[in-house]
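# Remarks on the overall topology
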Amino acid sequence: MTWQPTGWVGGALTVDLACDPIDGGGIYVAQQQANARVIRSNDGAPTFTPFGTGLEGLSLPMAFGFAGQSRRLVASGKGGYAIDIPRG
């Protein structure tokens with residue numbers, strides 16, 4: 001078995017990574033840069049986009065969780081946050 005690159009280079013310190021248990025291509029990454037941020041991939045990691053609306057001022061440490069079919073959770077030094085992602 002050999003690790004293979006995904007094509008994504010990061011650009012900041014990765015604090016946590018979570019794979020969506022329902023969407024096989026969904027990956028969430030918590031990064032530390034000037035401010036903590038969350039990014040998301042829908043294609044298994046080659047590309048990521050910001051996924052932080054409502055998380056402005058987030059602080060570290062951060063950890064991800066999943067609840068049910070659509071609820072995504074993130075915990076930080078400033079508290080917990082949740083978002084529902086409808087399944088269509």
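Just above, that's the structure.
Residues numbered from 1 in each chain as written. Predicted model: local features only at pLDDT ≥ 70, side-chain atom pairs only at ≥ 80, totals over all residues. Heavy atoms only, no water.

## Observations regarding the sheet that holds strand S6 (residues 71-76)
Test applied: Following DSSP output, two strands are said to pair if at least two bridges run between them. Here a helix means four or more residues in a row that DSSP labels H or I, a strand means two or more in a row labelled E, and each is numbered from the N terminus. Here an axis means a line fitted to C-alpha atoms, over the contact stretch when the element is a helix, while the angle between two N-to-C directions is reported on a 0 to 180 degree scale.
With antiparallel pairing, three strands are arranged side by side in an open sheet as S5-S6-S7. The open sheet has two free edges, formed respectively by strand S5 (63-67) and strand S7 (79-84), since each of these has just one partner strand. Averaged over neighbouring strand pairs, the angle between their axes works out to 20 degrees when direction is ignored. Taken together, the five bridges between S5 and S6 define a ladder with antiparallel strand orientation. The residue of S6 that forms the bridge with Gly65 is Leu73.

## Here we look at the nonpolar core
The cut-off we apply is this: Definition used in this section: a nonpolar core is a set of buried Ala, Val, Leu, Ile, Met, Phe, Trp, Tyr and Cys residues joined via side-chain atoms within 4.5 Å. For every residue, the accessible area obtained with a 1.4 Å probe (protein chains only) is divided by the maximum for its type, and the residue is called buried under 20%, exposed over 50%, and partly exposed between those limits. Contacts are assigned to residue pairs with any non-hydrogen atoms lying within 4.5 Å of each other.
By size, the foremost hydrophobic cluster in this structure holds 12 residues: Ala18, Tyr28, Ala30, Ala36, Val38, Phe51, Leu55, Leu58, Met62, Phe64, Val74 and Ile85. Sorting the residues of this core by element identifies strand S2 (27-32) and strand S3 (36-41) as the ones contributing at least two each. Look past the residues within four positions of Phe51 in its chain and what remains in contact with it is Tyr28, Val38, Ile39, Arg40, Ile83 and Ile85. Core analysis: the second largest hydrophobic core is formed by five residues, Ile27, Ile39, Ala45 and Phe48 among them.

## Observations concerning the packing of aromatic side chains
We apply this condition: Stacked, tilted and edge-to-face are the three classes assigned to paired rings of Phe, Tyr and Trp, where Trp is represented by its six-membered ring and a pair needs centres within 6.5 Å; plane angles under 30 degrees give stacked, over 60 edge-to-face, the rest tilted.
A complete count under the given rule lists four aromatic pairs for this structure. Following the ring pairs from residue to residue traces out a cluster consisting of Tyr28, Phe51, Phe64 and Phe66.

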